[in-house]
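# Notes for the structure review
Chain by chain, the residues:
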Amino acid sequence: MNFVGKVYKFGSDIDTDAIIPARYLNTSDPQELARHCMEDADPNFPSVVQQGDIIVADKNFGCGSSREHAPIAIKAAGVSLVIARSFARIFYRNSVNIGLPILECPDCIDEIQTGDRLEVNLIKGEIKNNSTGKTYQAQPFPDFMQGIMDKGGLIEYVREKVK
Amino acid sequence: MGMTITEKILAAHADRQEVRPGELLNCKVDVVLGNDITAPVAIEEFEKLNMDQVFDPNRVVIVPDHFAPNKDIKSAEQTKRIRDFSRKHGIVNYFEIGRMGIEHCLLPQEGLVLPGDLVIGADSHTCTYGALGAFSTGVGSTDMAAAMATGEAWFKVPETIKFVFYGELPPWVGGKDLILRVIGDIGVDGARYMAMEFTGPVIDTLSIDNRFTMANMAIEAGGKNGIIAPDRITLDYVQGRNKRPYKVYASDPDAVYSQIREYDVTNMEPIVALPHLPENTKKVSEVAGTSIDQVVIGSCTNGRIEDLAIAAGIIKGKKVHPEIRLIVFPGTQEIYLEALRKGYIEAMIEAGAAVSTPTCGPCLGGHMGILAKGERALATTNRNFKGRMGDPASEVYLSSPAVAAASAITGKITPPWEVA
């Protein structure tokens with residue numbers, strides 16, 4: 001799976017309240033959630049984000065609550081991929097389960113800025129910053145999780161088990 | 001080579017003799033939990049599987065607590081969804097308004113989570129039940145859906161950090177202060193993906209309510225689970241509540257830890273976490289005098305009877321500061337009733353507090369105490385992220401019930417000994 005997209009960069013410890021504030025959790029409609037995606041981290045984000053854009057963030061992205069609404073909002077906003085120095089555990093798990101591509105890449109974060117254009121091979125974990133010409137190697141998914149992603153998420157993965 | 005209590009519980013639920021950190025396991029779950037925010041998404045995913053029933057209707061627990069009693073029409077639709085689902089699938093442990101509580105106070109109280117259990121909940125504070133010696137962790141809605149279908153979930157065996165507390169616990173210092181000190185020490189991702197095992201002579205004598213508070217906030221250090229090995233205090237609490245057998249596990253003396261961190265509590269002061277992360281901790285005396293607009297006492301972190309006893313003990317016979325809104329949330333109806341019978345509720349209402357039916361309410365900025373722009377709350381809750389309790393330009397400070405109660409009286413952050 002290859003992605004090409006424009007970067008929006010965020011800092012450390014972006015929590016799930018910043019990704020989708022609880023005041024909008026009285027719905028789980030992806031399009032409605034997308035309208036408020038990242039609102040408390042950057043109020044302009046929902047209006048400027050475009051299909052295929054890439055979120056790049058520093059450490060512990062998605063910390064806090066277990067709300068799956070967070071990766072759902074990001075995915076529905078059109079974001080193709082999230083790259084972070086590290087992810088909080090539940091957010092990581094939720095992203096795999098709903099099929100939102102994510103990559104952990106400690107080495108590249110400092111050298112990627114908002115507006116850069118990235119080219120990413122998800123399976124190999126290869127990240128190329130077309131704005132600087134630099135390439136990076138992220139940790140690809142373990143096979144087990146890639147298996148879930150390949151099925152399109154955990155529910156499709158489980159479907160065969162419960163037949 | 002020995003195993004930790006976390007490794008033993010995971011091994012037992014995967015039919016394995018031995019497991020090591022890093023291994024991926026498929027485990028049987030004893031309990032699957034969801035609430036009015038996370039369960040609707042889980043139900044939608046579950047229904048994609050076209051199954052007639054959940055894996056075991058006795059082991060799925062659904063609690064409308066976040067935006068319940070319904071704060072608006074959309075919330076009413078969400079609780080209706082989980083109520084209808086619970087009726088359709090014969091979910092025995094769906095708790096209706098008037099009988100419900102804040103989920104992480106309610107499940108232990110009802111004996112639904114027990115020592116040695118493996119519990120997943122679509123709520124990050126599901127780690128609370130580690131206080132009973134269970135492996136218990138937060139997951140998302142899709143994991144909840146998959147577990148409702150299969151009774152199973154996958155896990156990576158975490159490394160364990162052992163936290164040893166020794167010394168003599170000073171007056172006004174409790175579980176909230178211990179866990180805030182740990183989070184201040186290791187940071188909000190200091191235990192990311194890891195098990196946090198709390199031990200030592202201080203833990204050995206710590207009450208079950210204080211233990212719940214500590215395990216509850218393991219997630220605020222990024223932990224996968226917090227856990228305390230069961231002892232007499234645990235079993236006294238569980239006795240009479242359990243409706244099924246349980247198993248007590250303990251770490252082997254030669255268990256392997258990724259880190260061992262020791263804390264002398266003897267000279268500790270109550271701790272306050274400043275905006276906008278729980279790791280921004282200070283001693284209460286360092287932030288004394290900070291002005292506040294609202295005080296919240298309650299939540300899955302500090303809404304238990306001992307918390308209310310401490311708060312009422314400080315507040316009784318005094319008045320809440322005229323410029324302060326004090327809002328109190330007992331964790332469950334049973335806790336509420338006990339607090340009523342013991343005079344805690346009366347003392348707080350006479351002082352000028354608002355007392356609410358159990359709800360997560362203001363803790364996550366849902367309802368029942370939202371902050372306006374520029375306002376500041378002191379809360380016994382667990383998170384102080386930007387905008388957590390309302391406007392993105394509002395602020396939340398975190399503390400124990402003792403500090404919160406004292407501060408409600410003076411109108412500014414105050415060490416409890418200055419008021420009590």
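Residues numbered from 1 in each chain as written. Chains lettered and ligands numbered in written order. Predicted model: local features only at pLDDT ≥ 70, side-chain atom pairs only at ≥ 80, totals over all residues. Heavy atoms only, no water.

### A short note on the packing of aromatic side chains
The line we're drawing: Here is the rule: rings of Phe, Tyr and Trp (six-membered ring for Trp) pair when centre to centre is within 6.5 Å. Planes less than 30 degrees apart are stacked, more than 60 are edge-to-face, and the remainder are tilted. A run of H or I in DSSP counts as a helix once it spans at least four residues, and a run of E counts as a strand once it spans at least two, with each numbered from the N terminus. A simple rule labels every residue: compare its accessible area, found with a 1.4 Å probe on the protein chains alone, to the largest value its type can have, and call it buried under 20%, exposed over 50%, or partly exposed in between. Criterion for a charge above a ring: Lys NZ or Arg CZ within 6 Å of the ring centre, and within 35 degrees of the ring normal.
Here the structure, examined in full by the defined rule, presents 17 aromatic pairs over all chains. Ring geometry for A:Y8 and A:F45: centres 5.2 Å apart, planes at 85 degrees, overall edge-to-face. One end of the pair, A:Y8, is in strand 1 (residues 2-10); the other, A:F45, is in helix 3 (residues 45-48), and 37 residues separate them in sequence. Centre to centre, the rings of A:Y92 and B:Y193 are 6.3 Å apart; their planes meet at 80 degrees, and the pair counts as edge-to-face. In this pair, A:Y92 sits in helix 5 (residues 89-98) while B:Y193 sits in the loop between helix 6 (175-186) and strand 9 (195-199), so the two residues belong to two different chains. The class for A:Y92 is buried, based on a relative accessible area of 14%. Sitting over the face of the ring of B:F155, A:R93 holds its NZ or CZ atom 5.3 Å from the ring centroid. Just above the ring of B:F67 sits the side chain of B:K71; from NZ or CZ to the centre is 4.7 Å.

### Some details on the domain arrangement of chain B
Residue and element names in this part refer to chain B. Rules: Note that the domain bounds were set by an automatic or database domain assignment. Take the accessible area each of two parts loses on contact, using a 1.4 Å probe, and add the two losses: that sum is the buried area. Counted as salt bridges are all cases of a side-chain nitrogen of Lys or Arg within 4 Å of a carboxyl oxygen of Asp or Glu. Counting of polar contacts relies on pairs of N or O atoms within 3.5 Å, with two restrictions inside protein: one atom must be capable of donating a hydrogen and the other of accepting it, and residues adjacent in sequence are counted only when both atoms are side-chain atoms.
The domain architecture assigned to chain B consists of domain 1 (5-262) and domain 2 (272-413). One C-alpha centre belongs to domain 1, the other to domain 2; they are set 24 Å apart. Here domain 1 packs against domain 2, burying approximately 2,900 Å² in sum over the two surfaces, 60% of which is carbon and sulfur. When residues of domain 1 are sorted by the area they lose upon contact with domain 2, I102, K176 and D209 head the list and together hold 20% of the total. Taken together, the links from domain 1 to domain 2 amount to two salt bridges. Applying the counting rule to domain 1 against domain 2 returns 25 residue pairs in polar contact (both at pLDDT 80 or more). Only helix 4 (103-109), helix 6 and helix 8 (208-216) provide two or more residues apiece to the side of domain 1 that touches domain 2.

### A short note on the interface of chain A and chain B
A common way to report how large an interface is uses the accessible area buried once the components associate. The cut-off we apply is this: We call two residues in contact whenever any of their non-hydrogen atoms come within 4.5 Å of each other. Ten residue types, Ala, Val, Leu, Ile, Met, Phe, Trp, Tyr, Cys and Pro, are classed as nonpolar, four, Asp, Glu, Lys and Arg, as charged, and the remainder, Gly among them, as polar.
On the side of chain B, 48 residues touch chain A, which itself brings 41 residues to the contact. The largest per-residue losses of area from chain A upon contact with chain B belong to A:N26, A:R89 and A:R93, which jointly make up 20% of the total buried on that side. On the surface where chain A and chain B come into contact, there are six salt bridges. With its nearest N and O atoms 2.4 Å apart, the salt bridge here joins A:E32 to B:K74. Linking chain A to chain B there are 22 residue pairs in polar contact (both at pLDDT 80 or more). Where the side of chain A that touches chain B is concerned, the elements lending two or more residues are helix 4 (69-76), helix 5, helix 6 (143-151) and helix 7 (154-162) of chain A. Ranked by residues supplied to the side of chain A that touches chain B, first place goes to helix 5 of chain A with seven residues. In terms of residue class, the side of chain A that touches chain B is made up of 16 nonpolar, eleven polar and 14 charged.

### Topic: helix 12 (residues 305-315) of chain B
Those residues of helix 12 of chain B lying buried are B:I305, B:D307, B:L308, B:A311, B:A312, B:I314 and B:I315. Following helix 12 of chain B by one or two positions, B:G317 has its phi on the positive side, about 85 degrees.

### Things to note about empty space enclosed by the protein
Applicable threshold: For each structure, a 1 Å grid was placed over the protein atoms alone; sets of points admitting a 1.4 Å probe that cannot get out are labelled cavities, open sets with protein on both sides within 12 Å along at least five of seven lines are labelled pockets, and lining residues have an atom within 4 Å of a point. Grid points are joined across faces, edges and corners, and a volume is the space filled by probe spheres set on the points.
Tallied over the entire structure, the rule returns three cavities of 30 Å³ or more. One number sums up the size of the largest cavity: a volume of about 230 Å³. Forming the walls of the largest cavity are 23 residues, and the residues nearest its centre are B:H66, B:D123, B:H125, B:L364 and B:R388. Contributing elements (two or more residues each) for the lining of the largest cavity: helix 4 and helix 11 (299-302) of chain B. A per-class count over the lining of the largest cavity returns seven nonpolar, ten polar and six charged. Taken domain by domain, the makeup of the lining of the largest cavity includes at least three residues from each of domain 1 (5-262) and domain 2 (272-413) of chain B. In terms of lining residues, the second largest cavity is bounded by 13 residues, among which A:C63, A:G64, A:A88, A:R89 and B:I219 are the most central. Split by residue class, the lining of the second largest cavity holds six nonpolar, six polar and one charged.

### Here we look at the packing of helix 2 (residues 39-47) of chain B against helix 5 (residues 141-150) of chain B
Residue and element names in this part refer to chain B. Definition in use: Think of each axis as a best-fit line through the C-alpha atoms, taken over the contacting stretch in the case of a helix, with angles from 0 to 180 degrees between the N-to-C directions. In this scheme, roughly parallel covers angles under 35 degrees and roughly antiparallel covers those over 145, while 65 to 115 is roughly perpendicular and the rest are oblique. When the near helix sits turned anticlockwise from the far one by under a right angle, the crossing is termed left-handed; a clockwise turn instead gives a right-handed crossing.
At a minimum axis separation of 8 Å, helix 2 and helix 5 run at an interaxial angle of 50 degrees. The angle between helix 2 and helix 5 falls in the class oblique. Between helix 2 and helix 5 lies a crossing of right-handed hand. Each of A39, V41, A42, E45 and F46 in helix 2 lies in contact with helix 5, whose residues at this interface are S141, T142, M144, A145, M148 and A149. Of the residues in the contact of helix 2 with helix 5, the class split is eight nonpolar, two polar and one charged.

### Here we look at the pattern of salt bridges
Evaluated as defined, the whole model comprises 36 salt bridges over all chains. B:R81 is the salt-bridge partner of B:E47, the closest N and O atoms lying 3.3 Å from each other. Within this pair, whereas B:E47 is found in helix 2, its partner B:R81 is found in helix 3 (residues 73-88), the two being separated by 34 residues in sequence. Exposure remark for B:E47: the relative accessible area of 32% places this residue in the partly exposed category. Owing to a relative accessible area of 32%, B:R81 belongs among the partly exposed residues under this scheme. The shortest N-O distance in the salt bridge between B:K71 and B:D72 comes to 3.9 Å. Residue classification places B:D72 among the partly exposed positions, given a relative accessible area of 27%. Residues joined in a network through salt bridges with shared partners are A:D13, A:K59 and B:D189.

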